[in-house]
Amino acid sequence: MGDAGHGVGTIEGTTARLPTEGADLLTLAGVGDANLLELQKQFAVRATLRGEALVLAGTASAVDKATLVAQRMIDSARRRESLEPDDVIRLACDSSGDPTVGPRLVLPGIRKVVQGKTPGQSAYLQSILEHDIVFGIGPAGTGKTYLAVAAAVDALVRKRVKRIVLARPAVEAGESLGFLPGDMQAKVDPYLRPLYDALEDMMPGERVQKALETRVIEIAPLAYMRGRTLADAFVILDEAQNATRAQMKMFLTRLGVNSRAVITGDKTQVDLPRREDSGLFQVERILPGIEGIAIHYLTESDVMRHRIVRDIVRAYAADAEPRA
């Protein structure tokens, strides 16, 4: 670990030496020096760990650009945050400043720090903390649900709310789950699995289980929300593009005193029989301008999954554009 210079060739010019004291060097370099190799690829520099410093060598222009990203990598490694080659790419693509500027949620029990990894994600998380109702709209993999769940867990452990309610429309995406064995809960659990996964990444497993048993955390299909008033709660509606207009109105009017809601959705993945029946499209038209409500849009530049997902999202978006 430490010398990722192989295969780069001889680079002449400027050298920059960045102190790495306090940083986890394995996190910084990545498995097999993958992070350093990606840094080299993005900026045509040589990156080497020497002692307690990361040394960059290359042309003056390349080193200047690489230094900004390398310093953010070092800062992340000092905070013991995850750092992978895709994160290096995102940092390199960000020309508007440090994407980590913004709120940071420190979740107890697992010593996990959650924050936006792109400017769009940071702004989205800030909106969640500042508004009563936030709509997070964007393609798959942009962290819409993950950041919302993190904010909900943060509000719960800080006793700002007494419970978390997570809901999803039980709309079948071209598949039928009716044949599955078990009671109603067993049949709808496949729809709700992504919410369980996000929760289990935010809290120790035994704490999640206890919270579910005591109803401090409730995960249920959207239809179960009818007739209820949700007070002192952080409520998340996931996959909201599959909520009908009537369901969306029903959900939004469930909020009680000291409650907040985050509604996430991807307008390109509507599974309703008629796309125009989606309540997510309606709220875009009628709710802007209401105090306490924010609509935040995420784009392919905020995609956090495998780097190829970003290109897939972009390709589908281009194919959906009207042709002359």
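Refer to the structure printed above.
Everything numeric in this text was worked out from a predicted model, so none of it was measured.

1. Describing the overall build of the protein chain
Regarding its fold elements, the protein chain presents eleven helices and eleven strands. Looking at the protein chain as a whole, 47% of its 324 residues qualify as buried. Of the contacts formed within the protein chain by residues at least 6 apart in sequence, a portion of 71% connects residues at least 24 apart. Entry remark: accessible area of the protein chain is about 16100 Å², with carbon and sulfur atoms responsible for 52%.

2. Considering the side chain of Asp-87
Tracing the backbone through its elements, the reader meets Asp-87 in helix 4 (residues 85-93). Side-chain polar atoms of Asp-87 contact the side chain of Lys-117, separated by 3.4 Å. Contacts of Asp-87, omitting those with residues within four sequence positions, involve Ser-82, Lys-117 and Met-304.

3. Some remarks on the pairing of strand 11 (residues 293-297)
Burial along strand 11 is one-sided: Ala-294 and His-296 are buried, while Ile-293, Ile-295 and Tyr-297, pointing the other way, are not. Examined bridge by bridge, strand 6 (residues 133-137) and strand 11 share five bridges and lie parallel to one another. Pairing of Ile-137 across the sheet is with Tyr-297, part of strand 11.

4. Examining the environment of Arg-275
With respect to the secondary-structure elements, Arg-275 resides in the loop between strand 10 (260-265) and helix 10 (279-286). Separated by 31 residues in sequence, Arg-275 and Thr-244 have C-alpha atoms that sit 9.5 Å apart. Contacts of Arg-275, omitting those with residues within four sequence positions, involve Lys-267, Thr-268, Val-270 and Phe-281. Among the polar contacts made by the side chain of Arg-275, one reaches the main-chain carbonyl oxygen of Lys-267 at a distance of 2.9 Å.

5. Description of the pattern of salt bridges
Across all of its chains, the model carries twelve salt bridges by this definition. Note that Arg-78 and Asp-75 form a salt bridge whose closest N and O atoms lie 3.6 Å from each other. In this pair, Arg-78 and Asp-75 both sit in helix 3 (residues 60-78), three residues apart, roughly one turn of the helix. According to the relative accessible area criterion, Arg-78 is partly exposed, its value standing at 31%. What you see here is one network of salt bridges that share partners, running through Asp-154, Arg-158 and Arg-160.

6. A look at the sheet that holds strand 8 (residues 217-221)
The strand order 8-7-9-10-6-11 describes an open sheet built from six strands, whose pairing is parallel. If you trace the sheet from one side to the other, it starts and ends with strand 8 and strand 11, each paired once. Averaged over all adjacent pairs, the angle separating strand axes in this sheet is 15°, with direction ignored. Of the pairings in the sheet, the one linking strand 6 to strand 10 comprises five bridges and is parallel in character. Looking at strand 10, one finds that Gly-136 is bridged to Thr-264.

7. Thoughts on helix 2 (residues 34-43)
Taken together, the buried positions of helix 2 are Asn-35, Leu-36, Glu-38, Leu-39, Gln-40 and Phe-43. Positive backbone phi, approximately 55°, marks Ala-44, located one or two places after helix 2.

8. As for the sheet that holds strand 2 (residues 46-49)
By definition, the strands of a sheet pair up through backbone hydrogen bonds, in either a parallel or an antiparallel sense. The strand order 1-3-2 describes an open sheet built from three strands, whose pairing is antiparallel. Of all strands in the sheet, those bounded by a partner on one side alone are strand 1 (14-19) and strand 2. Taken over all neighbouring pairs, the strand axes of this sheet differ in orientation by 20° on average, direction set aside. Pairing geometry for strand 2 and strand 3 (residues 53-58), over four bridges, is antiparallel. The residue of strand 3 that forms the bridge with Ala-47 is Leu-56.

9. Focus: the side chain of Thr-20
Relative to the elements of secondary structure, Thr-20 occurs in the loop between strand 1 and helix 1 (25-29). Separated by 3.2 Å, the side chain of Thr-20 and the backbone nitrogen of Ala-53 make a polar contact. Setting aside its immediate chain neighbours within four residues, Thr-20 contacts Leu-25, Leu-28, Leu-49, Gly-51, Glu-52, Ala-53, Leu-54, Ile-74 and Arg-78.

10. Brief notes about the nonpolar core
By size, the foremost hydrophobic cluster in this structure holds 35 residues, and its most contacted members are Leu-199 and Phe-234. In terms of residue count, the dominant contributor to this core is helix 6 (residues 144-157) (nine residues). Among residues more than four places away in sequence, those in contact with Phe-234 are Ile-128, Ala-148, Ala-151, Ala-152, Ala-155, Val-161, Arg-163, Ile-164, Val-165, Arg-260 and Val-262. Counting 24 residues, the second-largest nonpolar core is a separate cluster that includes Leu-36, Phe-43, Val-88 and Leu-91.

11. A closer look at the packing of helix 5 (residues 119-130) against helix 6
Running from N to C, helix 5 and helix 6 cross one another at 40°; their axes reach a closest spacing of 10 Å. Of the possible angle classes, the one that applies to helix 5 and helix 6 is oblique. Every pair of crossing elements has a handedness; the one defined by helix 5 and helix 6 is right-handed. Residues Gln-121, Tyr-124, Leu-125 and Ile-128 of helix 5 lie in contact with helix 6, whose contacting residues are Lys-144, Leu-147, Ala-148 and Ala-151.

What counts, and where the lines are drawn
Residues numbered from 1 in each chain as written. Predicted model: local features only at pLDDT ≥ 70, side-chain atom pairs only at ≥ 80, totals over all residues. Heavy atoms only, no water. Helix = DSSP H or I, 4+ residues; strand = E, 2+ residues; numbered from the N terminus. Buried < 20%, exposed > 50% of the residue type's maximum accessible area, 1.4 Å probe, protein only. Contact = heavy atoms within 4.5 Å. Areas by Shrake-Rupley, 256 points an atom, 1.4 Å probe, with all protein chains shown as cover. Polar contact = N/O pair within 3.5 Å; in protein donor to acceptor, adjacent residues only side chain to side chain. Pairing = 2+ DSSP bridges. Salt bridge = Lys/Arg side-chain N within 4 Å of Asp/Glu carboxyl O. Axes fitted to C-alpha atoms, helices over the stretch in contact; angles between N-to-C directions. Core = buried A, V, L, I, M, F, W, Y, C linked by side-chain atoms within 4.5 Å. Parallel < 35°, antiparallel > 145°, perpendicular 65-115°, else oblique. Left-handed = near helix turned anticlockwise from the far one by under 90°.

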